[in-house]
Amino acid sequence: MDGYLAARAGRDRARGLGGRQIRRRSLVDGSIAAVAIGGAGLLAGSLTATFGRDKTVKPRQTAAPTPAPAGPVVSVAVSAVPVGGSAQVKDPATGDAVYMVQPTAGQYCAFSSVCTHSGCAVDAPKNGQMYCPCHGSKFDAATGAVINGPATKPLPKYAVTKEGDKLNLGPLQA
Ligand code: FES
């Protein structure tokens, strides 16, 4: 770099430039060269860091995620839910009342008691239907479907699993 600047200064002197102009050109050329060399150094360092990384070093291991604790299991005795009858439990997530039902022998499911019209509590299943006292909606106790409005959406349905002599409330179904 110094040799290049000295040769250039000699050429400038031969062209008749003064000492002050030559010094200024040398300073500018030197600064540009320094910036270029610095940039090249940074680029080389970056490439070395990227491609020269030791492939044998494994990323730090983190502890395996622990499964979320299971919520409380809500269950009732199978004998508490006769065919056509129901047992009331609480959804542990919302605190809402839920009716576990057995519409036909051996078929179990559960429905939210919250009316889909305006949120009143529907009555327990009776004669295959659940009645909402607020505005008169009626729901099918086997499917949760609307029989009479003004509600237009079925009651939310839960899965129910039988485990020995117990019925466990499962998650809400889509
Ligand atoms: Fe049930 Fe209106 S809230 S019918």
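For the structure, check the block above.
What counts and how
- Residues numbered from 1 in each chain as written.
- Predicted model: local features only at pLDDT ≥ 70, side-chain atom pairs only at ≥ 80, totals over all residues.
- Heavy atoms only, no water.
- Helix = DSSP H or I, 4+ residues; strand = E, 2+ residues; numbered from the N terminus.
- Buried < 20%, exposed > 50% of the residue type's maximum accessible area, 1.4 Å probe, protein only.
- Contact = heavy atoms within 4.5 Å.
- Core = buried A, V, L, I, M, F, W, Y, C linked by side-chain atoms within 4.5 Å.
- Pairing = 2+ DSSP bridges.
- Axes fitted to C-alpha atoms, helices over the stretch in contact; angles between N-to-C directions.

## Some remarks on the overall build of the chain
Alright, step 1. Within the chain, the regular secondary structure consists of two helices and nine strands.
Alright, step 2. Helices and strands in the chain line up, N terminus first, as α-α-β-β-β-β-β-β-β-β-β.
Alright, step 3. Split into buried and exposed, the 174 residues of the chain put 27% on the buried side.
Alright, step 4. The long-range fraction of contacts in the chain, counting pairs at least 24 apart against all pairs at least 6 apart in sequence, stands at 36%.

## Details of the nonpolar core
Alright, step 1. Core analysis: the biggest nonpolar cluster contains 14 residues, and Val76, Val81, Val89, Met100, Ala110, Leu167 and Leu169 have the highest contact counts within it.
Alright, step 2. Mapped by element, the contributors of at least two residues to this core are strand 2 (86-90), strand 3 (97-104), strand 4 (107-112), strand 8 (157-163) and strand 9 (166-172).
Alright, step 3. Tyr99, Cys115, Val122 and Ala151 belong to the second-largest nonpolar core, a separate cluster that totals 13 residues.

## Concerning the sheet that holds strand 3
Alright, step 1. Read from one edge to the other, the open sheet built from six strands follows the order 1-9-8-4-3-2, with strand pairing classed as antiparallel. Each edge of the open sheet carries a strand with a single partner, namely strand 1 (75-77) and strand 2. Across the sheet, the mean angle from the axis of one strand to that of its neighbour is 30°, orientation sign disregarded.
Alright, step 2. In the sheet, strand 1 pairs with strand 9 via three bridges, with the strands oriented antiparallel. In the strand pairing of strand 9, Val76 is matched with Leu167.

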